[in-house]
Amino acid sequence: MRIIPLLFFILLVFFTTDFSAQEKIWFDANWNVTTKEKAVYYRPISRDKSKKQWVIDYYISGKKVKEVYYVSGKPNGKYSEFYNSGELKTTGKFEEGLKDGIWKTYYKNGKIKEKGRYKKGEKVGVWKIYYKNN
């Protein structure tokens, strides 16, 4: 009877160690791959090898910095980026690795800073820039 709780404890330790030891890719301030000691951001390495992956990058603090789907190695779909304090910084959409559609950038107070359209990765049309105090 004493062996069951012991076995349960050993399995619990094994699984928690496995999850906390998840491998990461480390990035510097310019998003170049670097060492953990020089890193500003990191990305957990996914074991999912499917064509479509939800990728979330983090600040060293553990807070989310950006999230986007990747399809066949290129960003594709809704994109969100966040300030280190957690507020939304940028929203937009990627189409086959290129910015496409309406993109918005926000101040930390949540008010819109900039708004415009991309087409196949190029800025097009009128871009509006808003003052912080408006």
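One numbering rule holds for all chains: residues counted from 1, following each sequence as written. Two thresholds apply to this predicted model, a pLDDT of at least 70 for residue-level local features and 80 or more for giving and counting side-chain atom pairs, whereas whole-chain, interface and lining totals are computed over all residues. Excluded from the side-chain calculations are hydrogens and water; all other atoms, namely the structure's heavy atoms, are used.

Draft legend 1. Layout of the overall build of the chain. Helix and strand labels come from DSSP, where a helix needs a run of H or I of at least four residues and a strand needs a run of E of at least two; each type is numbered from the N terminus. For the chain, the count of helices and strands is 1 helix and 11 strands. Helices and strands appear in the chain in the N-to-C order α-β-β-β-β-β-β-β-β-β-β-β. Each residue is placed in one exposure class: buried if its accessible area under a 1.4 Å probe, protein chains only, is under 20% of its type's maximum, exposed if it is over 50%, and partly exposed if it falls in between. The proportion of buried residues among the 134 residues of the chain is 25%. Pairs at least 24 residues apart make up 8% of the contacts formed inside the chain by residues separated by at least 6 positions. The contact definition used throughout considers only heavy atoms, calling two residues in contact when any of these lie within 4.5 Å.

Draft legend 2. Structural view of the environment of Asn 32. Within the secondary structure layout, Asn 32 lies in the loop between strand S1 (24–27) and strand S2 (33–34). In contact with Asn 32, not counting residues within four places along its chain, are Trp 26 and Phe 27.

Draft legend 3. View of the pairing of strand S11 (residues 122–129). DSSP bridges decide pairing: two strands pair if at least two such bridges lie between them. Bridge count between strand S10 (residues 112–119) and S11: 5 bridges; the pairing is antiparallel. Along S11, the bridge assignment pairs Glu 114 with Ile 129. Here S10 folds back onto S11, and the loop between the two strands holds 2 residues, one of which, Lys 120, carries a positive phi near 50°.

Draft legend 4. Broad picture of the confidence of the model for the chain. The pLDDT score gives, residue by residue, the confidence of the prediction method on a 0 to 100 scale. Taken as a whole, the chain shows an average pLDDT of 86; of its residues, 84% reach a score of 70 or greater. Between residues 5–20, whose pLDDT stays under 50, and residues either more than four places distant or in other chains, the model counts 1 contact.

Draft legend 5. Inspection of the pattern of salt bridges at higher detail. When a carboxyl oxygen of Asp or Glu lies within 4 Å of a side-chain nitrogen of Lys or Arg, that pair is called a salt bridge. The tally for this structure, following the rule as stated, stands at 4 salt bridges. Among the salt bridges present, the one from Arg 43 reaches Asp 57, with a minimum N-O distance of 2.5 Å. Note that Arg 43 is positioned in strand S3 (residues 41–44) and Asp 57 in strand S4 (residues 52–59), a separation of 14 residues in sequence. The residues Arg 43 and Asp 57 share a single accessibility class, namely buried. Residues Lys 89 and Glu 81 are paired through a salt bridge, measuring 3.9 Å at the closest nitrogen-oxygen approach. What makes Lys 89 partly exposed here is its relative accessible area of 27%.

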